[in-house]
Amino acid sequence: MRTPGPAAYAPDAGPAYGTAPETGARETGARGTGARETGPRQEDVPPLGRRARARRRGPRPFGLRTRLVFAFLLVAAVGCGTTAALTYRAARSAILEQTQNTAVSAFRQQVEDLNITLPLDEDSLRDRLLHIARQGKPRPWRVYAEYGTLRVSSTDRPTSTVLTPELRARAHARETTPHTSFQRVVSNGTPYLTIAVPAVFLTEAGGEPRPTGLVLYAVMELREDEANIEAMVTAARDGALPALAIALIPALIAARGVLRPVRELRHAAASMGRGRLDTRIHAKGSDELADLARTFNDSAAELERSVTELRRAEARARRFASDVSHELRTPLAGMLAVTEVLDEDAGSLDSDTARAVRLISAETVKLAVLVEDLMEISRFDARAAELHPDEVDVADCVRKTLGSRHWTDPEQVHAVLDEGIRARLDPRRFDVVVANLVGNALRHGRPPVTVRVHAEGGSTLVVQVSDRGPGIHPDVLPHVFERFYKADPARARSAGSGLGLAITEENVRLHGGTVEAANDPAGGAVFTVRIPL
């Protein structure tokens, strides 16, 4: 009795086995019987921490170090998982291929050695099946035979539910050369390898094999192989966790190497922010971080050079303004004395001459005010302005300021003063503050100008000056305290020196306070001074 030639294997069981002439079998895989072929499970990488806000100088749970370590471990985990998956697939295929090759080859050989006569005797066939079952490799088989309506097996059950109709159909196919077929199936959670070998006979030596109608089946459990595969997966998983733990060490070392120049850069930037423009970073190596350090050093050197030049230019400008102001004081004093005499005699001069005399007198007074303001600003710039505080009654100080400048008409200036507020102020500088704000409101706003004085929360003195004019354009508000700033660039000259509000801000700052400009919703501009009591 002859059996068909080589076995046909499922796609994942490796290459075909044997010689070509008798390999007409259609290969069937586990998917044909509902078995699920699953790849290795990749263990989820446990999260290393939640993103959290940290204090500015405190540890950052998800800072750059954590992200670098996490990325390193993620790459290591992906590498381990990929390697484990490929190794699992290759090892699984090798294990199943070895089992299948051994079982199919041994079963086909047993069928080839089978000598039977037709018609079949049921008892004799059962004895032969028991003999074949005992010869099973690599593990015992359960052998079944089908011949027409005859069903015989090596067990107490003549048929098996593990054998599928598809496998039977391939074994009984008559349109092709008889061949060996196999399937891997899962029944009730147990994996099996099923093999079908049709018995054939030769009509003449070297002739084509002809089917006898007898088909023998072998059923072998793959539980041991699956257990070996599961053990391999468990070993790979258990080995991956220590590998990741070991990978944490080079991850921390690499993160430290990356973060060291970043920390140095942060400290250097903070040092430069505090004014130390000579700060530099020690750059070594030739990587990107070293290039960054060198670029920072070059930028810092250029910034230091530019700032040094600007400071020198600023110092020269301050010195020039101070020198010019001092040089102009003496001739201006003489000019003011002369203009006072001319003003007294202007009434006796003709109209054109009197107009010219009064114009010269007014312009000389403006020039004198400008010179005094420039000298005051130069003192602020040189940090030479001094505060001479004294405990004063704020309401009395405001009244003296208004009275000395003849701003006593209620239709022009209206004062709303809370009595009994005492504060430590420099009377002269506080007088300049109130006078500049009220004068600015009268020149650029519309009367009546209101001056309010009150205490806020018992700890802050508030002086508020408001007018009924059109207010300040929103684009101008951020610049009102800048020196020589003009809201209308087309206006060549202003009524004042252009330094009044800048001097006001410096005087208020010298008292430790603040001054703000805003627009009243009801109309007009509002200047608010706050000074600690």
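In short, a report on the structure.

## Brief notes about the overall build of the protein chain
Consideration 1: Looking only at helices and strands, the protein chain has 9 helices and 12 strands in total.
Consideration 2: Scored against the burial criterion, the 533 residues of the protein chain give a buried share of 36%.
Consideration 3: The contacts of the protein chain with a sequence gap of at least 6 include a subset with a gap of at least 24, amounting to 66%.
Consideration 4: A total of about 31100 Å² of accessible surface is found on the protein chain, and carbon and sulfur atoms cover 54% of it.

## So, the packing of helix α7 (residues 394-404) against helix α8 (residues 427-444)
Consideration 1: The geometry of α7 relative to α8 is characterised by a closest axis approach of 9 Å and an angle of 55° between their N-to-C directions. Our classification of the angle between α7 and α8 gives oblique. Here the hand of the crossing between α7 and α8 comes out right-handed. From α7, Val 394, Cys 397, Val 398, Thr 401 and Leu 402 reach across to α8, where they touch Phe 430, Asp 431, Val 434, Ala 435 and Val 438.

## Here we look at the nonpolar core
Consideration 1: If you look at the biggest cluster of nonpolar residues, it comprises 37 residues, and the most contacted ones within it are Val 394, Val 398 and Phe 430.
Consideration 2: Excluding its chain neighbours within four sequence positions, the residues that come into contact with Val 398 are Leu 417, Phe 430, Val 434, Val 451 and Val 453.
Consideration 3: Ranked by size, the runner-up nonpolar core spans 25 residues in total, among them Phe 107, Val 111, Leu 120 and Val 197.

## Considering the pairing of strand β2 (residues 150-153)
Consecutive residues of a regular strand have side chains that alternate between opposite faces of the sheet.
Consideration 1: Pairing of strand β1 (residues 142-147) with β2, which is carried by 4 bridges, proceeds in the antiparallel orientation. Each bridged residue has a counterpart across the sheet, and for Tyr 144 the counterpart in β2 is Ser 153.
Consideration 2: In this structure, the hairpin formed by β1 and β2 is closed by a connection of 2 residues, where Gly 148 is found at a positive phi of approximately 65°.

## Points about helix α9 (residues 500-510)
Since the α-helix advances by 3.6 residues per turn, residues separated by three or four positions end up pointing in the same direction.
Consideration 1: Every buried residue of α9 is accounted for by Leu 501, Ala 502, Ile 503, Thr 504, Glu 506, Asn 507 and Val 508.
Consideration 2: The inward-facing, buried residues of α9 abut α6 (351-381), α8, β11 (514-519) and β12 (525-532).
Consideration 3: Gly 512, located one to two residues past α9, shows a positive phi value of around 80°.

## A word on α6
Consideration 1: The end-to-end C-alpha distance of α6, which contains 31 residues, comes to 45 Å, matching closely the 45 Å that a straight helix rising 1.5 Å per residue would cover.
Consideration 2: Positioned one or two residues after α6, Arg 383 has a phi angle of 55°, which is positive.

## Thoughts on the environment of Leu 277
Consideration 1: One can find Leu 277 in the loop between α4 (223-273) and α5 (288-345).
Consideration 2: Along the backbone, Leu 277 and Ala 301 are 24 residues apart, and their C-alpha atoms lie at a distance of 7.8 Å.

## Structural notes on the packing of aromatic side chains
Consideration 1: Within the structure shown, the criterion is met by 2 aromatic pairs.
Consideration 2: Ring plane angle 90° and centroid distance 5.3 Å describe the contact between Phe 107 and Trp 141, whose orientation is recorded as edge-to-face. One end of the pair, Phe 107, is in helix α1 (residues 64-112); the other, Trp 141, is in the loop between α2 (122-134) and β1, with 34 residues separating them in the sequence.
Consideration 3: Look at Trp 141 and you get buried, because its relative accessible area is 4%.
Consideration 4: Taken together, a centroid distance of 6.1 Å and an interplanar angle of 90° make the contact between Phe 481 and Phe 527 edge-to-face. Here Phe 527 lies in strand β12 and Phe 481 lies in the loop between β10 (460-466) and α9, a separation of 46 residues in the sequence.
Consideration 5: On the basis of relative accessible area, Phe 481 is assigned to the buried category, the value being 14%.
Consideration 6: When the ring centre of Tyr 217 is taken as reference, the NZ or CZ atom of Arg 168 above it lies at 6.0 Å.

## Here we look at the environment of Leu 367
Consideration 1: Following the sequence through the fold, Leu 367 ends up in helix α6.
Consideration 2: Residue Leu 367 is classed as partly exposed on the basis of its relative accessible area, which comes to 33%.
Consideration 3: Along the chain, Leu 367 and Leu 328 lie 39 residues apart, while their C-alpha atoms are 9.3 Å from each other.

## Notes on the sheet that holds β10
Consideration 1: Reading across the sheet, the 5 strands line up as β7-β9-β10-β12-β11 and stay open at both edges, with mixed pairing between neighbours. At either margin of the open sheet sits one strand with a lone partner, and together these are β7 (413-417) and β11. Each neighbouring strand pair of the sheet contributes to a mean axis angle of 15°, computed without reference to strand direction.
Consideration 2: The sheet contact formed by strand β9 (residues 449-456) and β10 spans 7 bridges and is antiparallel. In the sheet register, Val 453 faces β10, and the bridge partner there is Val 463.
Consideration 3: Across the sheet, α9 is in contact with β11 and β12; its angle to β12 comes to roughly 25°.

## Some words on the pattern of salt bridges
Consideration 1: Evaluation of the coordinates by the stated rule reveals 24 salt bridges.
Consideration 2: In this structure, Glu 376 and Arg 379 form a salt bridge, with 2.6 Å as the shortest nitrogen-oxygen distance. Here Arg 379 and Glu 376 lie together in helix α6, a separation of 3 residues that amounts to about one turn.
Consideration 3: Across the pair Glu 376 and Arg 429 runs a salt bridge, and its minimum N-O distance is 2.7 Å. Here Glu 376, found in helix α6, pairs with Arg 429, found in helix α8; they are 53 residues apart in sequence, far enough to count as distant. This pair shows no difference in class: Glu 376 is buried, exactly as Arg 429 is.
Consideration 4: Three or more residues are tied together by salt bridges with common partners; here these are Glu 376, Arg 379, Asp 426 and Arg 429.

## Quick notes on the environment of His 267
Consideration 1: For His 267, the position within the fold is in helix α4.
Consideration 2: Remark: the alpha-carbon pair of His 267 and Thr 279, spanning 12 residues in sequence, is separated by 9.4 Å.

## Examining the side chain of Thr 460
Consideration 1: Among the secondary structure elements, Thr 460 is positioned in strand β10.
Consideration 2: In contact with Thr 460, other than residues within four places in its own chain, are His 454, Ala 455, Arg 530, Ile 531 and Leu 533.

## Structural notes on the side chain of Gln 110
Consideration 1: Within the fold, Gln 110 resides in helix α1.
Consideration 2: For Gln 110, a relative accessible area of 19% corresponds to the buried category.
Consideration 3: In this structure Gln 110 touches His 131, Ile 132, Gln 135 and Trp 141, once residues within four positions along its chain are discounted.

Scoring rules and cut-offs
Residues take numbers from 1 onward in each chain, read along the sequence in its written order. With pLDDT at 70 or above as the cut-off, local features in this predicted model cover only qualifying residues; side-chain atom pairs require 80 or more to be listed or tallied, and sums for whole chains, interfaces and linings still use all residues. Side-chain metrics in this entry use all non-hydrogen atoms of the structure; hydrogen atoms and water are not considered. Helix and strand labels come from DSSP, where a helix needs a run of H or I of at least four residues and a strand needs a run of E of at least two; each type is numbered from the N terminus. Working definition: with a 1.4 Å probe on protein chains only, accessible area under 20% of the residue-type maximum means buried, over 50% means exposed, and in between means partly exposed. Only heavy atoms matter for contacts: two residues are in contact if any of them lie within 4.5 Å across the pair. To be clear on the numbers: accessible area is Shrake-Rupley with a 1.4 Å probe, and residue cover counts the displayed protein chains and nothing else. Angles run from 0 to 180 degrees between N-to-C directions of axes, and those axes are lines fitted to C-alpha atoms, restricted for helices to the stretch in contact. Any angle that is under 35 degrees is reported as roughly parallel, and any over 145 degrees as roughly antiparallel; angles of 65 to 115 degrees are reported as roughly perpendicular and all others as oblique. Note on convention: the crossing is left-handed when the near helix lies turned anticlockwise from the far helix by less than a right angle, right-handed when the turn is clockwise. Put simply, buried Ala, Val, Leu, Ile, Met, Phe, Trp, Tyr and Cys residues joined by side-chain atoms within 4.5 Å make one nonpolar core. Two strands are counted as paired when DSSP detects at least two bridges linking them. Under the convention used throughout, the expected extent of a helix is 1.5 Å for every residue step, that is, one less than its residue count. The rule is short: rings of Phe, Tyr and Trp, with Trp giving its six-membered ring, pair when the centres are within 6.5 Å, and they are stacked under 30 degrees, edge-to-face over 60, tilted in between. Charge over a ring is defined by NZ of Lys or CZ of Arg lying within 6 Å of the ring centre and within 35 degrees of the ring normal. Any Lys or Arg side-chain nitrogen located within 4 Å of an Asp or Glu carboxyl oxygen qualifies as a salt bridge.

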